Amino acid sequence: MTAMTIGWIGLGRMGEAMVKRLTAAGHAVHVWNRTRQKALPLAEYGATVVANKLDLAGCDVVFTMVSTTNDLKEVLFADGGLLTGAKKPALVVDSSSISQEGSAEVRQRLEALGVGYLCAPVSGNAKVAKAGKLLIVASGPKAHYERVAPLLQAMGRKMMWVGEGELARVWKIAHNTMFGVVIQSLCEITVLAEKAGIPRHVFLESINDSVLGSMYTRYKSPVLTNLTFEQVTFTPKLLLKDMDLGLGAAKAQGVAMPAAAATRESVARLVGRGHDDVDFAILLQE
């Protein structure tokens, strides 16, 4: 199989870690980031840093990992965007957390230009990505999924294809909505136990060793025990965006989600208090 030329747009905590997995597996990756300074260190890992998004238009496949639907549209279609030149990549693979409707609009615009599109959101934080332990869930034409399977394998412990269209967006929205509800519940019961007299670390250890324990409760326990919220895995602002996506999807499908609605208000209060560059687990302190 001929090696594919790979482009990458978006080098936040996740994107940077995922690119490093690709270069470690021997893939040549060309990268662009809005803040060029953040991209430069990747040159040490074998990546090629380009000056413009259009410099990636000749790649076989371009991955995007940005914050919002509008960010994705901007890097693809706005002035100087990936799709605004004469050359076009064969395939765009997006791993952002965006809405189902926004993703469908992007798909329509890309396919009208003769460019393939695959949704490939992930489960895991930057630390998980660095270790190559991500779960990658994809949707779109299965042929596209099979084409990039070796690249997805280089970045994760498991990959899944869940069907056509935007189904992977629904999966990611559901995943991150549960993410919020679980941390809300964990913080509530931890505060209850601590106020009643059980040391916080003892209570969390007991939950982790019970039927209620999970990979999620175990990896959040050190932060909740030591109150080290400056070690950011996910910010309240990003969680609020995802809770809103979850409630929007619930409204569209006619699904009642009272636990998610209550959690959304707790997270909104965090954002309103100005908790921007801290971990969302600061919910415990609030």
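Our structure's up above, just so we're on the same page.
Residues numbered from 1 in each chain as written. Predicted model: local features only at pLDDT ≥ 70, side-chain atom pairs only at ≥ 80, totals over all residues. Heavy atoms only, no water.

Caption draft 1: Looking closely at the environment of leucine 118. Structurally, leucine 118 is set in strand β6 (residues 116-119). Given a relative accessible area of 0%, leucine 118 falls into the buried group. Separated by 73 residues in sequence, leucine 118 and tyrosine 45 have C-alpha atoms that sit 26 Å apart. Leave out the neighbours within four places in its chain, and leucine 118 touches Leu91, Val92, Val93, Asp94, Ala138, Ser139, Gly140, Pro141, His144, Tyr145 and Val148. (Helix = DSSP H or I, 4+ residues; strand = E, 2+ residues; numbered from the N terminus. Buried < 20%, exposed > 50% of the residue type's maximum accessible area, 1.4 Å probe, protein only. Contact = heavy atoms within 4.5 Å.)

Caption draft 2: Spatial organisation of the pattern of salt bridges. In this structure the tally under the stated criterion is 13 salt bridges. When the shortest N-O distance is used, the salt bridge between arginine 273 and glutamate 286 registers 2.7 Å. Here arginine 273, found in the segment after α11 (258-272), pairs with glutamate 286, found in the segment after α11; they are 13 residues apart in sequence, far enough to count as distant. You can call glutamate 286 partly exposed: its relative accessible area is 43%. Several salt bridges converge on common partners, so that one network encompasses Arg34, Asp71 and Glu74. (Salt bridge = Lys/Arg side-chain N within 4 Å of Asp/Glu carboxyl O.)

Caption draft 3: Region of the structure containing a nonpolar patch on the surface. A cluster of nonpolar side chains, namely Met160, Val162, Leu167 and Val170, defines an oily patch on the protein surface of about 280 Å² accessible area. Within the secondary structure, valine 162 is located in the loop between β9 (156-161) and α7 (167-196). (Patch = residues over 30% accessible without salt bridge, like charges linked within 9 Å, V, L, I, M, F, W, Y side chains within 5 Å. Areas by Shrake-Rupley, 256 points an atom, 1.4 Å probe, with all protein chains shown as cover.)

Caption draft 4: Fine view of the nonpolar core. Ranked by internal contacts, the top residues of the largest apolar core, which has 35 residues, are Trp8, Met18, Val31, Val61 and Phe63. At the level of secondary structure, the elements contributing two or more residues to this core comprise β1 (6-9), α1 (13-24), β2 (29-32), β4 (61-64), β5 (91-94), β8 (134-138) and α6 (142-155). It is α6 that contributes the most residues to this core, 7 residues altogether. Beyond its immediate sequence surroundings of up to four residues, methionine 18 is in contact with Trp8, Met65, Ser95, Val122, Ala129, Leu134 and Met155. Grouped together as the second largest cluster of nonpolar side chains are 24 residues, Leu76, Ile98, Tyr117 and Leu135 included. (Core = buried A, V, L, I, M, F, W, Y, C linked by side-chain atoms within 4.5 Å.)

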